[in-house]
Amino acid sequence: MNSLLKKIFAPRRMEYLTIDRNFKITDTSDGLKRFADKPEEAVVGKEITLGFPEFFGIEDILVAIQQGRQADFHLKGIARYSETESPLYIDINIIAYPDGENLENRLFIFFEDVTEKLLLEQALVQKSNEANLLLSSLSAAKDYIDKIINSMVEVLLVTTLSGKIKKINQAAENLFGYSEAELLGQPITKIVTEWASEALRARQRYRQSPANHQPSLGCELFKDVEVNCQTKAGKKITIAFSCSTISTDIEDLQNFVYVGRDTTERRRTQEELIKTLEQEKELRKLKSRFISIASHEFRTPLAMILLSSDILKQYGHKLSEDKKSKQLDKIKVTVSNMTRLLDDILTINQTEALQVSFNHVPIELKKFCQELAEEIELATNKTHDFVFQCQESEVSAEMDEKLLRQIVTNLLSNAVKYSSPGSTVYFDLLVKKGWAIFKIRDQGIGIPQPDQGRLFETFHRASNVGNVSGTGLGLAITKGAVELHSGTIAVESEEGQGTTFTVCVPIVQPKELTT
């Protein structure tokens, strides 16, 4: 039986002994002594408690097993310590087997070396404890970092290289109006509607050659670049973003980290400031232009008045009544021209201040336009041929006669002023779907293309007018008068080929203008 037990126990590093009812050892395996606390006592004939002190106090259990009242008993993890060797851990299992000579059973006691198993379990427990401690530390660190991130005033977004959102902070939720759950996995274009070119180029360069950067250290792609964004409610906002790359847990895989602040109000303030500065600059230009034009337009007539008055003063007694009358007429005409210039300036000022009154009256347009064309033709000494055309027998309308006179007079006068003597000025009146359409076409010098966009600005004059006198007020006044009629004015011109102005106004003015 001993040889059989050896074959069974050898692979498991086990030894055994047997004891009788007096707890004396009756048989042992060869290697039993290495499991004993006192190896010299672990021999046949000796009480088991001498070599194995752990059996003290369990005698009742041993008797119960011998008598068949208990099947077995186990002692786990018994330690044996030595000054020269590492600790030895054993498990002890006790069972009974029948004794053919006695009514009571003998006991089989098995000793198993579980040192490796126990040390492995201890190592696993230690590793598990260390892992739990590390996990707890990581969880605490994550909570701490999350608190820092969510306490940031700046917006924080983390995306994949393809632009899928992986993380946002509380500031981003507050600003854009989305919860984190609504944005996770969504493309960043859900909130960024337009990237600045600098940001686009930086991201594109990184995607094309990520190997040129140092993933472990991260890489700043751009800083404080303003981009256009949109909130969940559809509000347009501007965010100044800085972007860097950050390594992930997966080797060679990077994410983009965006940190930004809302610059919407700052940009709006800057735009308003720029607009104000531009307006101030334009006002200074207008002031300079006005002084230049006014000094020119007033200097010549004042010189004419001074000359005529000197002639009358010094030579009045020698001049005939006819010559005196001519000098006085010159003064009168000159004063009238200066008064008209002042009236134009006053009209411009009132129009811009919305102080021009609108007084509509019934007008027969065809007759009104025809008579006005004849007046201009006579006033210009018939230097040009006027051709007026209207297919209607009469055109009844309600308009402000004074403002309409300014519109037509300014356009006809300009047609004469900027075209050669002997050329023709065409004046057409059309009626179409409740609108009166005035077309005035000349064969003059035309308007250069660059000047056409600024043609109706106060004091602006085309670059090709040369020495032709003018203040740059006429077309500005004309446009204001047209707009007071709820109408439109357009120009078609080619330099050297003449100009056509088209004015469209309602025949019957809207009620809000007639009250």
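Every value quoted in this text rests on a predicted model; they were computed, and no experiment measured them.

Draft legend 1. Up close: the overall build of the protein chain. Helices and strands together make up the secondary structure of the protein chain, namely 14 helices and 18 strands. Burial statistics for the protein chain: of 515 residues in total, 38% are counted as buried. Expressed as a percentage of contacts within the protein chain between residues at least 6 apart in sequence, the contacts between residues at least 24 apart total 55%. Looking at the protein chain as shown, the accessible area adds up to about 30700 Å², and 53% of this sits on carbon and sulfur atoms.

Draft legend 2. Representation of the pairing of strand β9 (residues 219–230) within the structure. Bridge count between strand β8 (residues 192–194) and β9: two bridges; the pairing is antiparallel. By the bridge assignment for β9, E194 is matched with N228. Strand direction decides the pairing type here: β9 and strand β10 (residues 236–247), joined by nine bridges, are antiparallel. Note on β10: the bridge partner recorded for C219 is T245. Count of turn residues in the β9/β10 antiparallel hairpin: five residues, of which G234 carries a positive phi of about 90°.

Draft legend 3. How the structure looks around the packing of helix α11 (residues 401–417) against helix α13 (residues 474–484). Their axes nearest at 9 Å, the elements α11 and α13 cross at an angle of 145°. The two elements α11 and α13 meet at a crossing, and its hand is left-handed. Side by side, α11 and α13 meet where L403, Q406, I407, N410, L411 and N414 of the first sit next to G474, L475, I477, T478, A481, V482 and L484 of the second. Residue composition of the contact of α11 with α13, grouped by class: eight nonpolar, five polar and no charged.

Draft legend 4. Structural context of the packing of helix α10 (residues 365–379) against α11. Two elements in contact, α10 and α11, have axes separated by 10 Å at closest approach and are oriented at 45°. Comparing their axes, α11 and α10 come out oblique. Two packed elements cross with a definite hand, and for α10 against α11 that hand is right-handed. Each of L365, F368, L372, A373, E375 and I376 in α10 lies in contact with α11, whose residues at this interface are E401, L404, R405, V408, T409, L412 and S413. Residues that form the contact of α10 with α11 fall into these classes: eight nonpolar, two polar and three charged.

Draft legend 5. Quick look at the nonpolar core. L365, L404, L412, F427, F438 and F501 are the most contacted members of the largest nonpolar core, which has 43 residues in total. Beyond its immediate sequence surroundings of up to four residues, F427 is in contact with C369, A373, V387, F388, Q389, V408, L412, F438, K439 and I440. Core analysis: the next-biggest nonpolar cluster, separate from the first, contains 27 residues, I165, V192, A199 and Y206 among them.

Draft legend 6. Region of the structure containing the side chain of E54. In this structure, E54 sits in the loop between α2 (48–51) and α3 (59–66). What makes E54 buried here is its relative accessible area of 17%. Of note is the side chain of E54, whose polar atom sits 2.4 Å from the side chain of R80.

Draft legend 7. The sheet that holds strand β15 (residues 424–432), seen in detail. As summarised here, the arrangement of the five strands in space is β13-β15-β16-β18-β17, forming an open sheet in which the pairing is mixed. Of all the strands in the sheet, just β13 (385–389) and β17 (488–493) have a single pairing partner and so form its edges. Strand-to-strand, the axes of this sheet are offset by a mean angle of 15°, without reference to chain direction. Where β15 meets strand β16 (residues 435–441), seven bridges bridge the pair, whose relative direction is antiparallel. Opposite Y426, over in β16, you have R441 as the bridge partner. α10 rests against β13, β15 and β16 of the sheet, and its axis sits at about 180° to β13.

Draft legend 8. Just the sheet that holds strand β6 (residues 155–160), in detail. Taken in spatial order, the six strands line up as β7-β6-β11-β10-β9-β8 in an open sheet, and their pairing is antiparallel. Edge strands, defined here as strands with exactly one partner in the open sheet, are β7 (165–168) and β8. The mean angle between the axes of side-by-side strands here comes to 40°, regardless of whether they run parallel or antiparallel.

Calculation criteria
Residues numbered from 1 in each chain as written. Predicted model: local features only at pLDDT ≥ 70, side-chain atom pairs only at ≥ 80, totals over all residues. Heavy atoms only, no water. Helix = DSSP H or I, 4+ residues; strand = E, 2+ residues; numbered from the N terminus. Buried < 20%, exposed > 50% of the residue type's maximum accessible area, 1.4 Å probe, protein only. Contact = heavy atoms within 4.5 Å. Areas by Shrake-Rupley, 256 points an atom, 1.4 Å probe, with all protein chains shown as cover. Pairing = 2+ DSSP bridges. Axes fitted to C-alpha atoms, helices over the stretch in contact; angles between N-to-C directions. Left-handed = near helix turned anticlockwise from the far one by under 90°. Nonpolar A, V, L, I, M, F, W, Y, C, P; charged D, E, K, R; others polar. Parallel < 35°, antiparallel > 145°, perpendicular 65-115°, else oblique. Core = buried A, V, L, I, M, F, W, Y, C linked by side-chain atoms within 4.5 Å. Polar contact = N/O pair within 3.5 Å; in protein donor to acceptor, adjacent residues only side chain to side chain.

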